[in-house]
Structure formats: C-alpha cells, structure tokens
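Next come the chains, spelled out residue by residue.
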Amino acid sequence: MRILCYGDSDTYGHNPCSPLGEPYPPEVRWTDRLAAATGWEIMNAGLNGREIPHRPGELAEAERLFAASRPLDLATVFLGRNDMFQGLSAQEVTDRMDAFLDHLTGYPILLLSPVPMVSGTWVTEQRLVTESAKLAGLYEELARRRGLWFADPGTWNIEMAFDGAHYSEEGHRVFARRIQAVLSKILQSSQNS
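What counts, and where the lines are drawn
Residues numbered from 1 in each chain as written. Predicted model: local features only at pLDDT ≥ 70, side-chain atom pairs only at ≥ 80, totals over all residues. Heavy atoms only, no water. Helix = DSSP H or I, 4+ residues; strand = E, 2+ residues; numbered from the N terminus. Rg over C-alpha atoms; globule rule 2.2 N^0.38 Å. Buried < 20%, exposed > 50% of the residue type's maximum accessible area, 1.4 Å probe, protein only. Areas by Shrake-Rupley, 256 points an atom, 1.4 Å probe, with all protein chains shown as cover. Core = buried A, V, L, I, M, F, W, Y, C linked by side-chain atoms within 4.5 Å. Expected span 1.5 Å × (residues − 1). Contact = heavy atoms within 4.5 Å. Phe/Tyr/Trp six-rings, centres within 6.5 Å; stacked < 30°, edge-to-face > 60°.

Draft legend 1. Spatial organisation of the overall build of the protein. Within the protein one finds 8 helices and 5 strands. Ordered by position from N to C terminus, the α and β elements of the protein give β-α-α-β-α-β-α-α-β-α-α-β-α. In terms of overall size, the protein behaves like a compact globule, its C-alpha atoms giving a radius of gyration of 16 Å where 193 residues would be expected to give roughly 16 Å. Principal axes of the C-alpha set define a box for the protein whose edges measure 45 × 35 × 30 Å. A burial count over the protein gives 51% of its 193 residues as buried. Within the structure as shown, the protein displays about 8800 Å² of accessible surface, and the carbon and sulfur contribution to it stands at 50%.

Right under this line is the structure:
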C-alpha cells in the first residue's frame, strides 16, 4: 500500500521541545510508527506551519506533489490548525479546505480534522480552543458532500503537549494505532469494491 500523508507539523512530527522545530525521532512519529507496524509505504508530506494551500504558488506546489506521488492507494489531508492561528474561524477554514479539494480531484482522500487545541504555551486565546472544536463537524459534512472518507482524531483521546497545539510522544503512539485501524478498514473496503 502506498499512502501520502499531506499535512502540517502534526504530520511532520514536530517536537515542541525542539527550539529549531525539529521532528520527534522516527520511533515516536505516527507516520513512521504506521509504516513500521504495517509495512505500507508512508510518504510523510508534513510541513511545519503549513496552512491549507490557497495562493496560486501553494496550490501549484500541492498539485505537483500529489501528481509526483502517483500511484496512490490513499492520501490523507490533515490541515486547518495553522489557518486558525492566522485568525480564520472554523467556517472560514472549512471553506478554504473546500476550495483546496477542488484541486485534488481524482485522488482517493481521507479528510482528517485537526485534534482540537487546548490551552497551553502556544494556545493562549479561548477563541482557538472554541473554534478548533467546531472543525470536526464542519469537515465531516464537507467530506460527506464531496464523497470523501473522513475521520475525527479528536475522538481518539490524543494527548497534547504543553503547547496545546502539538501531540506528546504518547499522543503520537495513540494516533498511529487509531489511524492504522481507520486506514485498514478503508483499504479493505476499496479492495472489496
């Protein structure tokens, strides 16, 4: 199986204790744990600070990356948190995601909603906590309307780090286990159809 994981720092595996924005080691990151547990080819296309592509250059770069990753059994799209840090509401983030997905037609996609933020050293506004908690419902409706797979990691009891925005090491472990179950189910249904 060949899976592209397209996202931001939580796909990249950002270690909040790193002053230079470096990732956790491979044995911690959920993408590497997933690859080790399944033997699947997991392409980590996470980037610290990535917002949902919406400028022409960003959209062109995303289209090139997806095209270069073919053939794909599945792509996960896991973005939206950084857009909220730039002041967007949950609805505005969803509208931006909707427009971005117009550029990814023809790919089998699992849309993931960001785990809601909690108060921490990065998350100092109640607005971020409140708005991030609304995303799952909006993304689920978007995925349903577009005929995409959807999962809500906010229901997986992911432990957040002290900054309130990134996963702890334990969070990565749980995320890897839970997404493996989701992906296995999707890939099995795809093979049977």
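Draft legend 2. Summary view of the nonpolar core. Ranked by size, the top nonpolar core spans 32 residues in total, and within it F66, V77, M97, F100 and L104 carry the most contacts. Put simply, the parts of the chain that give this core at least two residues each are β1 (2-7), β2 (41-46), α3 (56-68), β3 (74-78), α5 (90-101), β4 (109-112), α6 (126-132) and α7 (135-146). Counting 23 residues, the second-largest nonpolar core is a separate cluster that includes W40, I42, L112 and I179.

Draft legend 3. Fine view of helix α8 (residues 169-192). In this model, α8 (24 residues) spans 35 Å end to end at C-alpha, consistent with the 34 Å of a helix rising 1.5 Å per residue. Of the surrounding elements, those touching the buried residues of α8 are β1, α1 (9-12), α2 (30-38), β3, β4 and β5 (149-151).

Draft legend 4. Just the packing of aromatic side chains, in detail. Throughout the structure, instances matching the rule amount to 8 aromatic pairs. Here F66 and Y107 contribute two aromatic rings whose centre-to-centre distance is 5.2 Å and whose plane-to-plane angle is 70 degrees, an arrangement assigned as edge-to-face. Highlighted residues: F66 in helix α3 and Y107 in the loop between α5 and β4, separated in sequence by 41 residues. Comparing F66 with Y107 shows no difference in burial state: the two are buried. Aromatic rings pair up to connect W30, F78, W156, Y167 and F175 into one cluster.

Geometric values such as these leave the question of function open.
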